[in-house]
Amino acid sequence: MSNKSVSLGMALLLVVLSACSQSGGDKNGADNGGAASQPAEAASPSAEAETYDPFGKYPETITLTYGKSVDPTDNSLPGGDTPENNQYSRYILDNLNIDTKVTWQAASGTNYDQKVNLAISSSDLPDALVVKDTQLREMVKSGQLADLTEVFEQYASPAMKNFMEKTDGKSAEAVTFDGKMYAIPSIQVQSDGVHEMWIRKDWLDKLGLEPPKTMEDLEKVAKAFVEQDPDGNGKNDTIGIAGQQNGSKLYANFLESTNNTFGLDPIFGAYQSYPGYWLKDDSGNPVYGSILPETKEALGKLRDLYAEGLIDKEIGIRKSAYEPVVSGQAGIFFAPWWMGYGPLPDAIKNDPNANWQAYLLPLDAEGQFNAHMGAPSTLFVVVRKGYEHPEAVVKMLNMLVRDESKFDISVPIGYYPLRVPMSYTDESEYSAKALKEVLAGTKKPEDFADPGYKLLAADIQNVTKVKKQPYDDMDIDNWDPQADMGTWSRIYSLLVGSSPLEQDYNKVYSLLYSQTKTMESRWSNLKKLEDETFLKIIMGAAPLDDFDKFVADWKKQGGDKITEEVKAAIQ
Amino acid sequence: MRNRSFTKHYYVMLLPGLVWLALISIVPMFGIAIAFEDFNPGRGFFRSEWIGWDNFEYMFDLNDTVQIFGNTVFIAVMKIIANLVVPLVFAIMLNELRFTSMKRWIQTIVYLPHFLSWVILSGILLDIFSYTGPVNELLSIFGAEPILFFARADLFPYIVVGSDVWKEFGFNTIIYLAALTGINPSLYEAASIDGASRLRRIWHVTLPGLRTTIVLLAVLSLGNVLNAGFDQIFNLYNPLLYSSGDIIDTWVYREGLLNMQYGLATAVGLLKSVVSFILIVASYALASKFANYRIF
């Protein structure tokens with residue numbers, strides 16, 4: 001706003017000056033209609049170009065308050081730096097003259113969500129926040145948010161607009177209500193939603209096994225991991241398949257469709273079951289994946305695996321799912337491509353030979369890998385209604401997109417104020433492929449010039465810092481994590497985690513990634529029913545046939561009505 | 001005390017407490033209007049849509065409601081009883097100890113856990129009762145299969161009550177010990193001259209001497225029948241334990257703060273308050289009748 005008035009002031013000044021020079025002594029330029037309008041028009045294009053500069057630095061320092069989610073286990077900040085004052089916030093202050101202030105901070109995940117919910121319910125909002133879909137809807141409904149339609153149009157950098165367009169309008173749709181844009185969506189790499197099998201290849205080698213292709217193989221391998229002492233410490237303390245921690249999800253769902261670390265999503269996929277997703281049945285009507293017979297079949301299998309002791313006994317109860325992976329107890333877990341960022345760095349610090357590799361496995365009976373895909377946007381940056389500089393947020397994100405590759409990522413990028421992921425949806429697969437081609441010498445770094453793949457140039461430059469010869473062997477002994485842990489995290493995630501995604505696999509999308517009206521009041525209750533029943537079935541606390549009772553209850557307690565609403569929503 | 005000028009400064013001393021009470025307890029009471037509204041935080045509770053009893057109707061429609069009220073009463077009543085009996089027995093035993101220095105030591109040690117928050121204690125409990133924790137190691141010495149304590153809905157209420165008693169009994173013991181000092185020693189002397197054994201003396205002198213205190217504490221704890229201990233259960237439970245461990249407060253928290261169902265959560269909370277209020281009034285009546293206890 002102040003920028004606008006500055007430019008208006010400048011335009012007026014020009015008017016006054018030109019008016020002065022023309023009529024000599026007439027001080028009221030605005031009254032001097034004819035003479036005034038011409039120079040004003042002439043002046044405005046240049047003034048406007050400056051005003052709408054996506055990276056324009058404010059002449060005066062402005063303040064922006066925001067709520068921050070922090071990873072409580074992270075200790076990468078150098079001495080004296082805080083989540084509020086660190087290399088990223090100083091970069092923003094130096095380059096944009098925006099002073100970012102943390103109003104409150106909370107541990108990432110549930111704690112942060114609660115804090116946001118509390119801020120919404122009390123209408124006590126910082127200037128900007130990163131929120132989830134349900135929270136965005138609540139805030140729009142409550143009229144708490146600034147309309148960003150104009151500022152986004154004016155200030156968003158071409159790169160950011162380009163990312164938005166690449167999602168076929170899905171991202172724009174997620175933030176548009178009654179034709180107005182109320183948030184800036186994250187644009188996530190689609191690989192965030194694909195859960196792969198991560199497995200200790202050194203254990204496989206030691207026991208003379210192959211990566212498990214089918215569910216039968218998986219069972220055999222898990223059994224071997226549990227019974228044959230793969231870590232060789234003489235104790236019966238290994239876990240076959242690790243599971244999610246207390247409060248986390250067994251599988252990603254349509255509302256939280258990505259980054260479900262340590263869930264068991266691919267095992268459901270191997271039975272062509274997609275619990276938590278809205279699917280089309282044979283007649284083309286929407287149906288909820290959790291109530292289908294395939295899900296019962298998958299649950300039955302999981303129940304058997306658990307009874308045999310092949311799945312972590314403390315699935316869903318553990319305080320931290322990272323722990324068994326870091327301590328070298330677990331042999332298999334399911335998670336997206338970015339495990340190089342965590343927990344693997346800690347895991348290889350404990351055991352430098354822990355050779356975690358990723359595969360798109362297990363396959364279903366037809367030999368296909370089924371993955372449920374995430375929504376392209378799951379996080380949203382919102383601005384409080386009445387904040388004077390809504391464009392500041394757009395500028396900060398512009399700069400994040402432009403300069404992300406330049407940052408020293410030994411301090412995690414999560415410390416960038418209001419950071420949400422922004423990239424082409426195929427960025428990680430594309431980058432992995434490019435890196436391999438450059439390493440193999442079949443392509444040159446110059447062949448990858450699209451600046452939209454914002455980190456690729458830096459990745460290509462850094463790759464040999466951490467990847468040792470031979471370049472086509474991804475086993476852990478051909479890496480040098482100590483050279484630069486930050487770089488290792490990224491390159492390992494790409495070359496090991498994203499490479500499998502270049503294969504063809506069956507992508508299953510949810511018909512819907514947001515809530516309908518009845519869901520607002522009924523969903524949490526249905527969700528509780530689902531969570532409780534499924535976990536109990538798997539852990540043997542309830543018979544498998546409780547599934548049928550769950551289906552009946554689910555339908556009766558609002559599920560049928562919601563299904564009707566979903567049908568209406570997708571038409 | 002009859003002298004007015006003498007009592008005045010008591011009122012002044014009361015003032016900060018009253019201001020605090022008004023700000024923290026009375027002003028927010030107007031928020032109960034949310035229970036009758038389709039609450040919209042942007043509009044606040046003056047302008048949100050008034051929907052009457054809809055939230056309550058939906059509440060009674062939910063299967064959860066019966067379950068959470070049942071769980072709450074079950075856990076809370078067990079806690080009330082255990083927290084009356086255990087400290088009483090312990091206080092009497094302490095009272096019979098001959099070495100006073102030992103008595104002080106024990107008293108101090110047992111009430112220490114009272115000062116730890118549930119956030120810390122629950123972390124310790126989760127470790128102690130974990131699959132590879134000390135309790136299961138002990139069990140395995142006796143050849144028993146390890147038990148996943150926090151996956152067993154049937155055991156959870158007892159873990160909750162047991163740990164609560166462990167945390168609080170030392171502190172509650174102090175109240176009984178204070179009452180014990182009020183018993184006239186000559187009664188004990190008379191009893192022993194009459195040839196009463198230790199147990200007899202406890203039965204005929206100590207317990208009758210404590211009767212009013214016991215009745216009073218029992219009656220006053222009635223108001224807590226719907227308080228099963230939010231911070232304790234919240235830090236210990238998981239979805240597997242909902243069927244026996246989900247209480248009104250945890251449910252209200254999840255529904256209201258996590259799922260943003262403000263109206264519904266307030267309705268349930270309000271119902272809880274109404275029931276608790278009735279119980280408190282009743283307990284006060286009972287207290288004045290049986291223990292001759294009066295506030296006003």
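Residues numbered from 1 in each chain as written. Chains lettered and ligands numbered in written order. Predicted model: local features only at pLDDT ≥ 70, side-chain atom pairs only at ≥ 80, totals over all residues.

Student: I'm lost on the overall build of chain B in this one. Help?
Tutor: When helices and strands are counted, chain B shows 14 helices and 2 strands. The dimensions of chain B, computed from C-alpha atoms along their principal axes, are 75 × 70 × 30 Å. Counting across all 296 residues of chain B, residues that qualify as buried make up 27%. In chain B, of all internal contacts separated by at least 6 residues, the share reaching a separation of at least 24 is 69%. (Helix = DSSP H or I, 4+ residues; strand = E, 2+ residues; numbered from the N terminus. Buried ≥ 20, exposed ≤ 12 C-beta atoms within 10 Å, placed from the backbone. Contact = placed C-beta atoms within 7 Å.)

Student: What should I look at first to understand the environment of Arg152 of chain B in this one?
Tutor: Of note, Arg152 of chain B is situated in the loop between α7 (134-141) and α8 (156-181). Expressed as a C-alpha distance, the spacing of Arg152 of chain B and Leu241 of chain B, which sit 89 residues apart in the sequence, is 6.9 Å.

Student: Can you walk me through the pairing of strand β14 (residues 380-383) of chain A in this structure?
Tutor: Consecutive side chains of a regular strand alternate in pointing toward one face of the sheet and then the other. Residues and elements named next belong to chain A. Across the two faces of β14 the burial is the same, with Phe380 and Val382 and Val381 and Val383 all buried. Relative to β14, strand β3 (residues 128-131) runs antiparallel, the two being bridged by 4 bridges. Within β14, the position partnered with Val130 by the bridge is Val381. Relative to β14, strand β6 (residues 184-185) runs antiparallel, the two being bridged by 2 bridges. Note that in β14 the partner of Ile184 across the bridge is Val381. (Pairing = 2+ DSSP bridges.)

Student: Looking at this structure, how should I read the pairing of strand β1 (residues 62-70) of chain A?
Tutor: Residues and elements named next belong to chain A. Here β1 pairs with strand β2 (residues 98-107) via 9 bridges, running parallel. Opposite Val70, over in β2, you have Ala107 as the bridge partner. Viewed along the sheet, the connection from β1 through helix α3 (residues 87-96) into β2 turns out right-handed. (Right-handed = clockwise from strand over helix to strand, strands pointing away.)

Student: Would you mind going over the interface of chain B and chain A with me for this structure?
Tutor: A common measure of how large an interface is: the accessible area buried when the components associate. With 26 residues of chain B in contact, the opposing surface of chain A contributes 28 residues. The element that contributes the greatest number of residues to the side of chain B that touches chain A is helix α13 (residues 248-258) of chain B, accounting for 3 residues. In terms of residue class, the side of chain B that touches chain A is built from 16 nonpolar, 7 polar and 3 charged. (Nonpolar A, V, L, I, M, F, W, Y, C, P; charged D, E, K, R; others polar.)

Student: It is not clear to me how the environment of Ile311 of chain A should be interpreted in this structure. Could you clarify?
Tutor: All names here are of chain A. Relative to the helices and strands, Ile311 resides in the loop between α12 (293-307) and α13 (322-326). Residues Ile311 and Met474 lie 163 residues apart in sequence; the distance between their C-alpha atoms is 27 Å. Sequence-distant contacts of Ile311, that is, excluding residues within four places in its chain, are made with Gly240, Ile241, Gly243, Leu302, Leu305 and Tyr306.

Student: Whenever I open this one, the sheet that holds strand β12 (residues 356-359) of chain A confuses me. Can you help?
Tutor: Sheet strands pair by backbone hydrogen bonding; their relative direction is either parallel or antiparallel. Residue and element names in this part refer to chain A. In space, the 4 strands of this open sheet follow the order β8-β11-β7-β12, with mixed pairing throughout. A single partner strand is all that each edge strand has here, and the edge strands are β8 (239-241) and β12. Adjacent strand axes in the sheet meet at a mean angle of 25° when their direction is disregarded. Note: strand β7 (residues 196-200) against strand β11 (residues 330-335), 4 bridges, orientation antiparallel. In the strand pairing of β11, Ile199 is matched with Ile332. Its contacts with the sheet place helix α10 (residues 215-227) against β8 and β11, and it is angled at close to 165° to β8. (Axes fitted to C-alpha atoms, helices over the stretch in contact; angles between N-to-C directions.)

Student: I would appreciate a short explanation of the packing of helix α4 (residues 63-96) of chain B against helix α10 (residues 198-220) of chain B in the present structure.
Tutor: Residue and element names in this part refer to chain B. Taken N-terminus to C-terminus, the directions of α4 and α10 make an angle of 140°; their axes are 11 Å apart at the nearest point. Here α4 lies oblique to α10, going by the angle between them. Here α4 and α10 pass one another in a crossing that is right-handed. Of the residues in α10, those in contact with Leu84, Leu88, Ile92 and Glu96 of α4 are Arg198, Ile202, Thr206, Ile214, Leu217 and Ala218. A class-by-class count of the residues in the contact of α4 with α10 yields 7 nonpolar, 1 polar and 2 charged. (Parallel < 35°, antiparallel > 145°, perpendicular 65-115°, else oblique. Left-handed = near helix turned anticlockwise from the far one by under 90°.)

Student: Help me understand the nonpolar core in this model?
Tutor: Side chains of a nonpolar character, in soluble globular proteins, are inclined to be buried together. Residues and elements named next belong to chain A. Ranked by internal contacts, the top residues of the largest apolar core, which has 132 residues, are Ala222, Ala242 and Phe333. The element best represented in this core is helix α19 (residues 517-538), accounting for 7 residues. Residue assignment places this core across two domains, with domain 3 (195-372 + 508-570) and domain 4 (427-504) each supplying three or more. Residues contacting Ala222, with those up to four places away along its chain left out, are Gly240, Ile241, Leu305, Leu310 and Ile332. Ile92, Tyr112, Phe152 and Ile184 belong to the second largest nonpolar core, which has 51 residues in total. (Core = buried A, V, L, I, M, F, W, Y, C linked by C-beta atoms within 7 Å. Domains from an automatic or database assignment.)

Student: Can you walk me through the packing of helix α16 (residues 427-440) of chain A against helix α17 (residues 456-466) of chain A in this structure?
Tutor: The packing of two helices is summarised by the inter-axis angle and the distance between the axes. Residue and element names in this part refer to chain A. At a closest axis distance of 10 Å, the pairing of α16 and α17 adopts a crossing angle of 40°. As judged from the angle between their axes, α16 and α17 are oblique. Crossing handedness for the pair α16 and α17: right-handed. Across from Ser431, Ala434, Leu435, Val438 and Leu439 in α16, the residues of α17 making contact are Leu456, Asp459, Ile460 and Val463. Here the contact of α16 with α17 is composed, by residue class, of 7 nonpolar, 1 polar and 1 charged.

Student: Explanation requested: the environment of Gly223 of chain B in the structure shown.
Tutor: All names here are of chain B. Among the secondary structure elements, Gly223 is positioned in the loop between α10 and α11 (230-236). C-alpha separation for the pair Gly223 and Ile68, spaced 155 residues apart in sequence, amounts to 18 Å. Beyond its immediate sequence surroundings of up to four residues, Gly223 is in contact with Ser276, Leu279, Ile280 and Ser283.

Geometry only, nothing functional implied.
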